[in-house]
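Now for the letters of each chain:
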Amino acid sequence: MILKLALTFYIKQLHLRVNCTPPAKLWGASQAKTVFLSSAFLGLIATLLPVGYSIISMTPSSACGPFRGKLSVYHIVFDLLEYFHIRREWLEIGRASCRERV
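**Examining the overall build of the chain**
In terms of regular secondary structure, the chain is built from three helices and zero strands. The helix and strand sequence of the chain, counted from the amino end, reads α-α-α. Summed over its atoms, the accessible surface of the chain is roughly 9600 Å², and 71% of this surface lies on carbon and sulfur atoms.

Right, dumping it as structure tokens:
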């Protein structure tokens with residue numbers, strides 16, 4: 001059993017020395033990481049484009065769903081901006097009262 005483990009160890013060590021040499025350039029791993037991140041970013045863009053197109057172009061159901069009564073799915077963003085505009089006015093009043101104290 002010990003002979004088998006020792007033989008396996010030395011075979012794996014020989015395999016590592018022959019096949020797993022460090023790169024000639026020291027920045028090879030950094031380049032590989034950059035290529036991977038670039039391809040991941042392109043994949044993200046490739047998946048977001050069809051989703052964005054479908055959100056913009058498709059009309060929501062008028063009978064049911066969270067977007068009923070809207071002309072398009074992205075019109076909910078306009079409603080949210082109007083809602084936060086009211087909240088922003090409240091924050092500006094709060095800032096004015098803080099300025100008066102100083």
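**Description of the side chain of Ser72**
Relative to the helices and strands, Ser72 resides in the loop between α2 (28–57) and α3 (75–101). Beyond its immediate stretch of four places on either side in the chain, Ser72 contacts Ile55, Ile56, Met58 and Pro60.

**Quick notes on a nonpolar patch on the surface**
A surface patch of nonpolar side chains, about 620 Å² in accessible area, is lined by Val51, Ile55, Ile56, Tyr74, Val77, Phe78 and Leu81. Among the elements of the structure, α2 and α3 are those that each provide at least two residues to the nonpolar patch. Checked against the element boundaries, Phe78 lands in helix α3.

**What to know about the packing of aromatic side chains**
Remark: the centre distance and the inter-plane angle together describe each pair of aromatic rings, the angle taken between the planes. Taken as a whole and assessed by the stated rule, the structure comprises one aromatic pair. Ring plane angle 75° and centroid distance 5.1 Å describe the contact between Phe9 and Tyr10, whose orientation is recorded as edge-to-face. No difference in accessibility class separates Phe9 from Tyr10, as the two residues are exposed.

**With respect to the environment of His75**
Looking at the secondary structure, you find His75 in helix α3. In sequence terms His75 and Ile56 are 19 residues apart; their C-alpha atoms lie 9.3 Å from each other.

**With respect to helix α1 (residues 2–19)**
For α1, which comprises 18 residues, the first-to-last C-alpha distance of 26 Å matches the rise-based estimate of 26 Å (1.5 Å per residue) to within 8%. Buried residues are scarce in α1, accounting for zero of its 18 residues.

**With respect to the confidence of the model for the chain**
Interpretation of the predicted coordinates at a detailed level should be avoided for regions scoring low in pLDDT. In this model, the chain carries a mean pLDDT of 78, and residues with pLDDT of at least 70 account for 79%. When mean pLDDT is compared element by element in the chain, α2 scores highest at 87, while α3 scores lowest at 63.

Conventions and cut-offs
- Residues numbered from 1 in each chain as written.
- Predicted model: local features only at pLDDT ≥ 70, side-chain atom pairs only at ≥ 80, totals over all residues.
- Heavy atoms only, no water.
- Helix = DSSP H or I, 4+ residues; strand = E, 2+ residues; numbered from the N terminus.
- Areas by Shrake-Rupley, 256 points an atom, 1.4 Å probe, with all protein chains shown as cover.
- Contact = heavy atoms within 4.5 Å.
- Patch = residues over 30% accessible without salt bridge, like charges linked within 9 Å, V, L, I, M, F, W, Y side chains within 5 Å.
- Salt bridge = Lys/Arg side-chain N within 4 Å of Asp/Glu carboxyl O.
- Phe/Tyr/Trp six-rings, centres within 6.5 Å; stacked < 30°, edge-to-face > 60°.
- Buried < 20%, exposed > 50% of the residue type's maximum accessible area, 1.4 Å probe, protein only.
- Expected span 1.5 Å × (residues − 1).
- pLDDT = per-residue confidence, 0-100.

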